[in-house]
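# Analysis of the macromolecular model
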Amino acid sequence: ATDDYVAARCCLFNGLLPQGYILAEQAMEKELKSLLLLISPKEDFRNRKIYRQHILNDLVSRIHELYTIDLNSFVDLGTTLTEAYELSR
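Quick notes on the rules
Residues numbered from 1 in each chain as written. Predicted model: local features only at pLDDT ≥ 70, side-chain atom pairs only at ≥ 80, totals over all residues. Heavy atoms only, no water. Salt bridge = Lys/Arg side-chain N within 4 Å of Asp/Glu carboxyl O. Helix = DSSP H or I, 4+ residues; strand = E, 2+ residues; numbered from the N terminus. Buried < 20%, exposed > 50% of the residue type's maximum accessible area, 1.4 Å probe, protein only. Disulfide = S-S within 2.5 Å. Core = buried A, V, L, I, M, F, W, Y, C linked by side-chain atoms within 4.5 Å. Contact = heavy atoms within 4.5 Å. Polar contact = N/O pair within 3.5 Å; in protein donor to acceptor, adjacent residues only side chain to side chain. Axes fitted to C-alpha atoms, helices over the stretch in contact; angles between N-to-C directions. Parallel < 35°, antiparallel > 145°, perpendicular 65-115°, else oblique. Left-handed = near helix turned anticlockwise from the far one by under 90°. Nonpolar A, V, L, I, M, F, W, Y, C, P; charged D, E, K, R; others polar.

## Remarks on the pattern of salt bridges
As enumerated under the stated definition, the model contains four salt bridges in all. A salt bridge links Glu 29 to Lys 33; the shortest N-O distance between them is 3.1 Å. Taken as a pair, Glu 29 and Lys 33 lie in helix α2 (residues 17-39) at a separation of four residues, close to a single helical turn. Accessibility expressed as a relative area gives 21% for Lys 33, which makes it partly exposed. Connected through salt bridges with shared partners, the residues Glu 43, Arg 62 and Glu 65 form a single ionic network.

Written out as structure tokens, the structure reads:
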């Protein structure tokens, strides 16, 4: 996730917007999934549809279901990155 974040910043700062958005989405997705594994170590990522669709706000919602942590400030960013990811892929 950290490597994707650093690569995203390099791309975005150098005008490679589609690549930067893809890497930023992947970095945030990896971080959210890591947080999910910390909260719920037995979470099954293979059988849940929300984990295969690359929709960041679905991951945020799942975290809210399992743990009382406020991630609402990331909802707009999640929406933007998910839309850019889908357009760029």
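And the narrative resumes.
## Some thoughts on the state of the cysteines
With the rule as written, the count across this model stands at zero disulfides. Of the cysteine sulfurs around Cys 10, a residue in no disulfide, the closest is that of Cys 11, at 6.9 Å. Note on Cys 10: relative accessible area 45%, which makes it partly exposed.

## Considering the nonpolar core
Counting 14 residues, the largest nonpolar core has Leu 32, Leu 56 and Leu 59 as the members making the most contacts within it. Elements with a minimum of two residues in this core: α1 (2-13), α2 and α3 (56-66). Aside from chain neighbours lying at most four places away, what touches Leu 59 is Glu 29, Leu 32, Lys 33, Leu 36 and Tyr 51.

## Comments concerning unusual backbone geometry
Even without a glycine there, the phi angle at His 54 is positive, about 60 degrees. Here His 54 lies in the loop between α2 and α3.

## Re the side chain of Asn 57
Relative to the helices and strands, Asn 57 is located in helix α3. Look at Asn 57 and you get buried, because its relative accessible area is 18%. Engagement of the side chain of Asn 57 in a polar contact is seen with the backbone oxygen of Val 75, the distance being 3.4 Å.

## A short note on the packing of α2 against helix α4 (residues 75-88)
α4 packs onto α2 with a crossing angle of 125 degrees between their chain directions and a minimal axis gap of 8 Å. On the basis of their axis angle, the class for α2 and α4 is oblique. Note on packing geometry: the crossing formed by α2 with α4 is left-handed. Across from Pro 18, Tyr 21, Ile 22, Ala 24, Glu 25, Gln 26 and Met 28 in α2, the residues of α4 making contact are Leu 77, Gly 78, Leu 81, Thr 82, Ala 84, Tyr 85 and Ser 88. For the contact of α2 with α4, the per-class residue count stands at nine nonpolar, four polar and one charged.

## As for the environment of Asp 58
For Asp 58, the location among the structural elements is in helix α3. Here Asp 58 falls in the partly exposed class, since its relative accessible area comes to 26%. Counting along the chain gives 17 residues from Asp 58 to Val 75, while the straight-line C-alpha distance between them is 9.8 Å.

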